[in-house]
Amino acid sequence: MNEFVNWLMTEKKLSNRSARDVLSRTKRIKRLLDIDIITNTTQKALEEEEAYHNYSASIKSQLKRAALLNLEFEEKFNGRDK
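All values reported here derive from a predicted model rather than from experimental measurement.

Q: Help me understand the confidence of the model for the protein chain, please; the structure alone is not making it clear to me.
A: Any residue range with low pLDDT should be treated as having predicted coordinates unsuitable for detailed reading. Predicted confidence across the protein chain gives a mean pLDDT of 93, with 95% of residues reaching 70 or more. Within the protein chain, the lowest mean pLDDT, 94, falls on helix α4 (residues 57-78), and the highest, 97, falls on helix α2 (residues 16-33).

Q: Help me understand the packing of α2 against α4, please; the structure alone is not making it clear to me.
A: Any two packed helices are characterised by how steeply their axes cross, that is the angle between the axes, and by the distance between the axes. Relative to each other, α2 and α4 sit at 95°, their axes nearing to 9 Å. It follows from the interaxial angle that α2 and α4 lie roughly perpendicular. Between α2 and α4, the contacting residues are V22, R25, T26, R28 and I29 on the first element and I59, Q62, L63, A66, A67, L69 and N70 on the second. Within the contact of α2 with α4, the residues separate by chemical class into seven nonpolar, three polar and two charged.

Q: Looking at this structure, I do not really get the environment of I37. What am I missing?
A: When you line up the elements, I37 lands in the loop between α2 and α3 (42-48). For I37, a relative accessible area of 37% gives the class partly exposed. Spatially, the C-alpha atom of I37 lies 12 Å from that of F73, the residues being 36 residues apart in sequence.

Q: Would you mind showing me how to read the nonpolar core here?
A: By size, the foremost hydrophobic cluster in this structure holds 18 residues, and its most contacted members are F4, L8, V22 and I29. Setting aside chain neighbours within four positions, we find F4 in contact with V22, L23, T26, L69, N70 and F73.

Q: Mind showing me how you'd approach the packing of aromatic side chains here?
A: Applying the stated criterion across every chain yields a total of five aromatic pairs. With 6.3 Å between their ring centres and 90° between their planes, Y52 and Y55 make a pair best called edge-to-face. In this structure Y52 comes out as buried when scored by relative accessible area, which is 2%. The class for Y55 is partly exposed, based on a relative accessible area of 21%. Look at F73 and F77: their rings are 5.1 Å apart centre to centre, the planes differ by 35°, and that puts the pair in the tilted class. Linking F73 with F77, this pair stays in helix α4, spanning four residues, or about one helical turn. Relative accessible area serves as the criterion here: at 6%, F73 is assigned to the buried category.

Q: How do you make sense of unusual backbone geometry when you look at a structure like this?
A: What is expected of a backbone is that most residues other than glycine have negative phi and most peptide bonds are trans. The phi torsion at K13 lies on the positive side, around 60°, for a residue other than glycine. Among the secondary structure elements, K13 is positioned in the loop between α1 (2-11) and α2. Although it is not a glycine, D34 adopts a positive phi angle of roughly 55°. Note on placement: D34 falls in the loop between α2 and α3.

Rules used throughout
Residues numbered from 1 in each chain as written. Predicted model: local features only at pLDDT ≥ 70, side-chain atom pairs only at ≥ 80, totals over all residues. Heavy atoms only, no water. pLDDT = per-residue confidence, 0-100. Helix = DSSP H or I, 4+ residues; strand = E, 2+ residues; numbered from the N terminus. Axes fitted to C-alpha atoms, helices over the stretch in contact; angles between N-to-C directions. Parallel < 35°, antiparallel > 145°, perpendicular 65-115°, else oblique. Contact = heavy atoms within 4.5 Å. Nonpolar A, V, L, I, M, F, W, Y, C, P; charged D, E, K, R; others polar. Buried < 20%, exposed > 50% of the residue type's maximum accessible area, 1.4 Å probe, protein only. Core = buried A, V, L, I, M, F, W, Y, C linked by side-chain atoms within 4.5 Å. Phe/Tyr/Trp six-rings, centres within 6.5 Å; stacked < 30°, edge-to-face > 60°.

Written as structure tokens, this is what we have:
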């Protein structure tokens, strides 16, 4: 996952702290949904998860953004387009 943080810092111009926050959010999504890989269906799965609805709008937005950034990274570097 270090590659993901480095990519966020270089390609998306995030600070180290912000990049690590995104990494933390991706881990949170994976734990919440009990998945190993974020795919293009992850956002829909989040919206269907009961616990997700207890989060504030701000947290929901951060989780969605983290999922999209992780998906973009995976598609570019691992050829995943699911």
